[in-house]
Amino acid sequence: MKAHHKEVSPTHNRSWKKVVALLALGLQKIVSKVMETEVAPKTPQEIKEHTEDNLPPIDFGRPVEETPLLPIADSVPRRKKVKGGFERVPAQLNSRFMLSQNNLMASSRDIKLMSVDLDRIDKLSNAAFAYMAILVVAICYWSYFHNPDPRFLWLGGTLSVLATLIFIRTSHIKRTSAEVLRVDFFRHSGLVTFPVGNNVSTFSLALDEVDLYIGKVSAGRGVQFNMAYLVPKRYPKHLRHQPMYPVDWEPRDLEDSMELWSEIHRFMDNTQPIPASFYKGWQEVIESSDFTEQDKIIILGEDLVKQAPFYDLENDRPLDKVIW
């Protein structure tokens, strides 16, 4: 009975078993590479003290430079209204307050707001499925060469189309977006500079042409947090997608965002001194061991570094200075 069963079993059943085994082996290798988190222990020579000598230099991704105001004729207004629970943040320039925490990366010339586009990272991670599909396609075609079963061609063709679509999508995302975003506020000109695509170019608007919005963003499993976005009122004509730009601070509420947005407006008003709330951030850069001396000059500027100190961090009060 056993011999009869072996004699009538179709050969492609054995081929499918080989395919499943090869798939399992290939997927195991891919998963082991993707999920690999163990790091070899460092030798005592590799464990160095955290000093300025072994820190990487500051890299802002693109030159920090002022660009001309975007002409009205070369721009289009924002097409879509900001919805989905987002609330516009007003600037209260008549109030005076000292920010409890000013973590803006600023000098006396400009403010650099940087953030990481987590949504872009999630979308690009889909490329892992495309690479896995390519592996399966190779196995299917290899199996079809040894056993011309049309199911191999059907599966391989379907996965080839799927992998191609994913690669086209990820390639578009890489060209039109950047992992690290930076928006620059220039005090001298009063302009705000936004990146285009993957930092391939920029466009600049006056401060009154830029809105700040905050809204709830889901972090999964029912967890939500506030997120702030800078939204230009107009964009270059050639931009098919009009992005919102996430900001690198997490506001507690509307009032918290209102205070910071108001201080940015005061910073951009070059008819009055820079608000004293910026002094604390400058002093933290000066006294930080996370930056080399060259980094401090890159962040603050050589002239501002020479004017330090600005703030008494021990007693939490600004020094009696006026910085323009």
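Here goes a summary of the coordinates provided. (Residues numbered from 1 in each chain as written. Predicted model: local features only at pLDDT ≥ 70, side-chain atom pairs only at ≥ 80, totals over all residues. Heavy atoms only, no water.)

Quick notes on the packing of aromatic side chains
Here's step 1: The final tally for this structure, using the stated rule, is nine aromatic pairs.
Here's step 2: When the centroid spacing of 5.5 Å and the interplanar angle of 80° are considered together, the rings of phenylalanine 86 and tyrosine 229 count as edge-to-face. Here the residue phenylalanine 86 occupies a position in the loop between β1 (75–77) and β2 (87–88), and tyrosine 229 occupies one in strand β9 (residues 223–232), the gap between them amounting to 143 residues.
Here's step 3: The class for tyrosine 229 is buried, based on a relative accessible area of 17%.
Here's step 4: Ring plane angle 50° and centroid distance 6.1 Å describe the contact between phenylalanine 203 and tyrosine 235, whose orientation is recorded as tilted. Within this pair, whereas phenylalanine 203 is found in strand β7 (residues 201–206), its partner tyrosine 235 is found in strand β10 (residues 234–236), the two being separated by 32 residues in sequence. (Phe/Tyr/Trp six-rings, centres within 6.5 Å; stacked < 30°, edge-to-face > 60°. Helix = DSSP H or I, 4+ residues; strand = E, 2+ residues; numbered from the N terminus. Buried < 20%, exposed > 50% of the residue type's maximum accessible area, 1.4 Å probe, protein only.)

As for the pairing of strand β4 (residues 110–116)
The two faces of a sheet get side chains in turn, since along a regular strand they alternate between them.
Here's step 1: The element β4 is largely enclosed, with a buried count of six among its seven residues.
Here's step 2: Across two bridges, strand β3 (residues 105–106) lies against β4 in antiparallel orientation. Residue pairing across strands places alanine 106 opposite isoleucine 111, the latter belonging to β4.
Here's step 3: Direction of pairing for β4 relative to strand β5 (residues 180–186): antiparallel, over a ladder of seven bridges. Looking across to β5, one finds that serine 115 is bridged to leucine 181. (Pairing = 2+ DSSP bridges.)

Focus: the sheet that holds β7
Here's step 1: Taken in spatial order, the five strands of this open sheet run β3-β4-β5-β6-β7, and their pairing is antiparallel. For this open sheet the edge positions go to β3 and β7, each flanked by a neighbour on one side alone.

Digging into the pattern of salt bridges
Here's step 1: According to the stated counting rule, one finds twelve salt bridges in the structure shown.
Here's step 2: For arginine 182, the salt bridge goes to aspartate 184, with nearest N and O atoms at 2.8 Å. Neither residue differs from the other here; arginine 182 and aspartate 184 are each classed as buried. (Salt bridge = Lys/Arg side-chain N within 4 Å of Asp/Glu carboxyl O.)

Side note on the packing of helix α7 (residues 277–287) against helix α8 (residues 293–300)
Here's step 1: Here α7 crosses α8 at 160°, and the two axes come no closer than 9 Å. What the angle tells us is that α7 and α8 run roughly antiparallel. Between α7 and α8 lies a crossing of right-handed hand. Packed against α7, whose contacting residues are Trp282, Val285 and Ile286, the element α8 presents Lys296, Ile299 and Leu300 at the interface.
Here's step 2: By residue class, the composition of the contact of α7 with α8 is five nonpolar, no polar and one charged. (Axes fitted to C-alpha atoms, helices over the stretch in contact; angles between N-to-C directions. Parallel < 35°, antiparallel > 145°, perpendicular 65-115°, else oblique. Left-handed = near helix turned anticlockwise from the far one by under 90°. Contact = heavy atoms within 4.5 Å. Nonpolar A, V, L, I, M, F, W, Y, C, P; charged D, E, K, R; others polar.)

Some thoughts on the pairing of strand β6 (residues 191–196)
Here's step 1: Among the six residues that make up β6, six are buried, leaving the element largely enclosed by the rest of the structure.
Here's step 2: The two faces of β6 match: Leu191, Thr193 and Pro195 on one face and Val192, Phe194 and Val196 on the other face are all buried.
Here's step 3: Looking at chain direction, β5 and β6 are connected through three bridges and run antiparallel. The residue of β6 that forms the bridge with aspartate 184 is threonine 193.
Here's step 4: Relative to β7, β6 is paired through six bridges, and the arrangement is antiparallel. Along β7, the bridge assignment pairs threonine 193 with serine 204.
Here's step 5: Connecting the antiparallel pair β6 and β7 is a turn made up of four residues, with glycine 197 showing a positive phi of about 60°.

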